[in-house]
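The chain contents come next:
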Amino acid sequence: MKPKAAVHQEGLKRFNRVKPMTNSLISLLFIMFAFAALIPLVFVLIISLSAESSIAEKGYSFFPQQWSTDAYLELWKSRAYIGRAFLNSIGITFVGTIMGLVLISTMGYTLSRPNFYFKKTYTWLIFLPMLFSGGLVASYMVNTQVYHLKNTYWILLLTGCCSSWYIIIMRTFFQTTVPDSIIESGKVDGASQLRIFLQLVLPVSLPVIATIGLFLTFSYWNAWYSAMLYITTNHKELYPLQYVLISIERNVDFLAKAEEYLSATGGLAEKVPTETIRMAIVMVIVLPISASYPFFQKYFISGLTIGAVKG
Amino acid sequence: MKKKVAGKLKTVRKRFRKDDLELMIISSPTVLWFLAFSYVPLFGIIFAFKNYRLTPGKGFIYSLFVSSKWVGLKNFEFLFRTPDLGNILRNTLLYNVAFIIIGVSLPVVLAVLIHEMFSKKLAKACQTAMFLPHFLSWVVVSYFAFAFLSSDKGLLNYMRNLFGQADIMWYQSPQYWPFILIFINTWKTIGYSMVIYMASITSIDTTMYESAVIDGASKWQQIKGITLPMLRPVISIMLILNLGHIFSTDFGLFYIVTRDSGSILSVTQTLDVYVYKALMQQNNYNYSAAVSLFQSVLGCILILISNKVVKRIDPESGLF
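On a predicted model such as this, the values are computed, not experimentally measured, just so you know.

(A) View of the overall build of chain A. Looking only at helices and strands, one finds 16 helices and zero strands in chain A. Counting over 311 residues, chain A shows a buried share of 36%. Put simply, 72% of the contacts in chain A that link residues at least 6 apart link residues at least 24 apart.

And the structure:
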């Protein structure tokens, strides 16, 4: 990337640059955009590290009068609940990504074989759901009443582990990047399709596996909708972290109310940092993402560009 | 359909070989997944034409197919008589139109501009930062928004107070939400869309610009004459994708970010939110299914039409 850019700067390119003044304006504009993208994250981080008392006084502020790690300590204390949710999120992300990769890559490979007998049928099979779906009620009722997946880990894993779009990306990659000679050589050796796929095709397809794997990882880590639909309040042990954040809204409010009531009646409740604890959970969710995505970014971009090649 | 295609292939092309059987076995889990989660639920469409009642002791399938009454198009009639429907459709369509206009034009402009920056390092850093919101869930974004908009602790009201202005109850004031939602959606998606157009700009053959420069073309002429025409296929694909989904909205943005606040529903309720609430809060299966089906059918027709239109303009740019 860099040497190419350096070459572009030479000669003609140098002549074709915008004026320095224009460059400064553009740079300023983008620095502003970059700040706008990052500032809410920084703000919430600061809130999570503020003392409850300074929030009570000044509201959420970039410059709290007093810093405190109470929120994180409180999270640690309630690790039976929060920690479980954290582990749920990690487990679902890990298992779901692997399941998704298996489903997507095998179908992608099958569709990439030009002589596959049912190629047309299978292509329609994965293409039609992109056009039309039965709607929320249909899938909700089928998942809960026919498959009985309500309040199970399965529903959190199975919804969203496969997608027509990712299969198309995989297929396009196999078609365009994996040389036919590799597959032919495998067939000459009498290898089965499964062996060809596992031993010859997969090793040269790591970029697309990484891309789709990352797409899946981030979408599982960020998933909350299926938990909201299918996990009821009496199954808190199944909550992923994202859903805890939705449900804690009510719980924390409830705690706060109970506390008010207790202090009004003279009871002394332990002070729970209700304002900051939510923001601390947000940070627990966001920090792994924001620390890792810059390194994975190039895979995302390559996935986007492979996806743009239709076929 | 399977038989028809298979029969046709048999006469035209080839026989079923061992390879085909192996491929079918390899891909069978995926086929099962699609059948179970995309095709079986299709029969749930009949909810929209029934008055579903669970018959005790008979189970779901029996209740739905046998004991529940067919009501024809009653559910739809009811739907079209709802005074809210016009409002909900207006919200869904207008937000999507705004999102499409901003979501296509602004990222294209930014992609063209960021390409002109001298310092590639700075450009890369800014692009990385702008990509961040794409990786955050709506739940997280809703907390980000709350930090600014909370009526008693939020930063915006604190700033207003500094300038001697009174607090605004953001989550109770419908007049601000069209702007807030459009702003948040743009904030979240702009980096991602910009990257798509940047990738296309990078792949444009540089010799075209070189000959343009030799012919004395100005920067603006190069953009108008080379960059934008070369971006046209990507732009039209993005347009079809977006137009096809003009009846569906991001549930997280309209339900979670707005905190399901009742007093701003008039400007935040979209079809998806309505379907969800009819199902989960009112347990009105038939009604919710009718709205879903209405939405699905319209969406499907729109994807087909917009694909046709784009193909007529530029045969290479269709989705299928």
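Still more to cover.
(B) Up close: the overall build of chain B. When helices and strands are counted, chain B shows 15 helices and two strands. Along the longest, intermediate and shortest principal axes, the C-alpha atoms of chain B span 75 × 75 × 35 Å. Counting across all 320 residues of chain B, residues that qualify as buried make up 38%. Residue pairs in contact within chain B that sit at least 24 positions apart in sequence constitute 66% of those at least 6 positions apart.

(C) Geometry of unusual backbone geometry. Here His148 of chain A, not a glycine, exhibits a phi torsion of approximately 55 degrees, which is positive. For His148 of chain A, the location among the structural elements is in the loop between α8 (136–146) and α9 (153–158).

(D) Main features of the domain arrangement of chain B. All names here are of chain B. Domain annotation for chain B reports domain 1 (41–72) and domain 2 (84–317). Relative placement of domain 1 and domain 2: their C-alpha centres are 38 Å apart. Of the residues lining the interface, seven residues belong to domain 1; the matching set on domain 2 comes to five residues. For the side of domain 1 that touches domain 2, the per-class residue count stands at four nonpolar, two polar and one charged.

(E) Spotlight on the interface of chain A and chain B. The partner chain B presents 80 residues to the 81 residues of chain A that form the contact. The class makeup of the residues in the side of chain A that touches chain B is 54 nonpolar, 22 polar and five charged.

(F) Region of interest: the confidence of the model for chain B. Of the residues in chain B, 94% reach a pLDDT of 70 or more, and the chain-wide mean stands at 88. Scored as a complex, the prediction yields pTM 0.88 and ipTM 0.87.

(G) Structural context of the packing of α8 of chain A against helix α15 (residues 285–313) of chain B. At a closest axis distance of 7 Å, the pairing of α8 of chain A and α15 of chain B adopts a crossing angle of 130 degrees. Taken together, the axes of α8 of chain A and α15 of chain B are oblique relative to one another. Judged by residue contacts, Leu136, Val137, Ala138 and Met141 of chain A of α8 of chain A engage Tyr285, Ser288, Ala289 and Ser292 of chain B from α15 of chain B. Of the residues contributing to the contact of α8 of chain A with α15 of chain B, the split by class is six nonpolar, two polar and no charged.

(H) Just helix α2 (residues 18–39) of chain B, in detail. For α2 of chain B, with 22 residues, the first-to-last C-alpha span of 28 Å runs short of the 32 Å given by 1.5 Å per residue. Inspection of α2 of chain B places Leu23, Ile26, Ser27, Thr30, Val31, Phe34, Phe37 and Ser38 of chain B among the buried residues, and these make up the whole buried set. As for α2 of chain B, its buried residues are in contact with α6 (79–112), α7 (119–131), α8, α9 and α12 (193–201) of chain A.

(I) Local environment of the nonpolar core. Judged by nonpolar contacts, the single largest core of 152 residues is most densely connected at Ile281 and Val282 of chain A. Formed jointly, this core draws a minimum of three residues from each of two domains, domain 1 (41–72) and domain 2 (84–317) of chain B. When near neighbours in sequence (up to four residues on either side) are disregarded, Ile281 of chain A contacts Leu75, Ile82, Val244, Leu245 and Ile248 of chain A.

(J) Highlighting the packing of helix α9 (residues 177–202) of chain B against helix α11 (residues 219–244) of chain B. Residue and element names in this part refer to chain B. Viewed as axis vectors pointing N to C, α9 and α11 meet at an angle of 125 degrees, and their least axial separation amounts to 10 Å. Classified by the angle their axes make, α9 and α11 are oblique. Crossing handedness for the pair α9 and α11: right-handed. Contacts from Ile196, Tyr197, Ser200 and Ile201 of α9 reach α11 at Thr227, Leu231 and Val234. Partitioning the contact of α9 with α11 into residue classes produces five nonpolar, two polar and no charged.

(K) Representation of helix α7 (residues 138–149) of chain B in the model. Residues and elements named next belong to chain B. Here α7 is twelve residues long and its end C-alpha atoms lie 16 Å apart, about the 16 Å a rise of 1.5 Å per residue gives. Burial analysis of α7 places eleven of its twelve residues in the buried class, which makes it a mostly covered element. Of all the residues in α7, the buried ones are Trp138, Val139, Val140, Val141, Ser142, Tyr143, Phe144, Ala145, Phe146, Ala147 and Leu149.

(L) Spatial organisation of the environment of Val139 of chain B. Residue and element names in this part refer to chain B. Relative to the assigned elements, Val139 resides in helix α7. In this structure Val139 comes out as buried when scored by C-beta crowding, with 24 C-beta atoms within 10 Å. For the pair Val139 and Leu253, spaced 114 residues apart in sequence, the C-alpha to C-alpha distance is 8.7 Å.

Definitions and cut-offs
Residues numbered from 1 in each chain as written. Chains lettered and ligands numbered in written order. Predicted model: local features only at pLDDT ≥ 70, side-chain atom pairs only at ≥ 80, totals over all residues. Helix = DSSP H or I, 4+ residues; strand = E, 2+ residues; numbered from the N terminus. Buried ≥ 20, exposed ≤ 12 C-beta atoms within 10 Å, placed from the backbone. Contact = placed C-beta atoms within 7 Å. Domains from an automatic or database assignment. Nonpolar A, V, L, I, M, F, W, Y, C, P; charged D, E, K, R; others polar. pLDDT = per-residue confidence, 0-100. Axes fitted to C-alpha atoms, helices over the stretch in contact; angles between N-to-C directions. Parallel < 35°, antiparallel > 145°, perpendicular 65-115°, else oblique. Expected span 1.5 Å × (residues − 1). Core = buried A, V, L, I, M, F, W, Y, C linked by C-beta atoms within 7 Å. Left-handed = near helix turned anticlockwise from the far one by under 90°.

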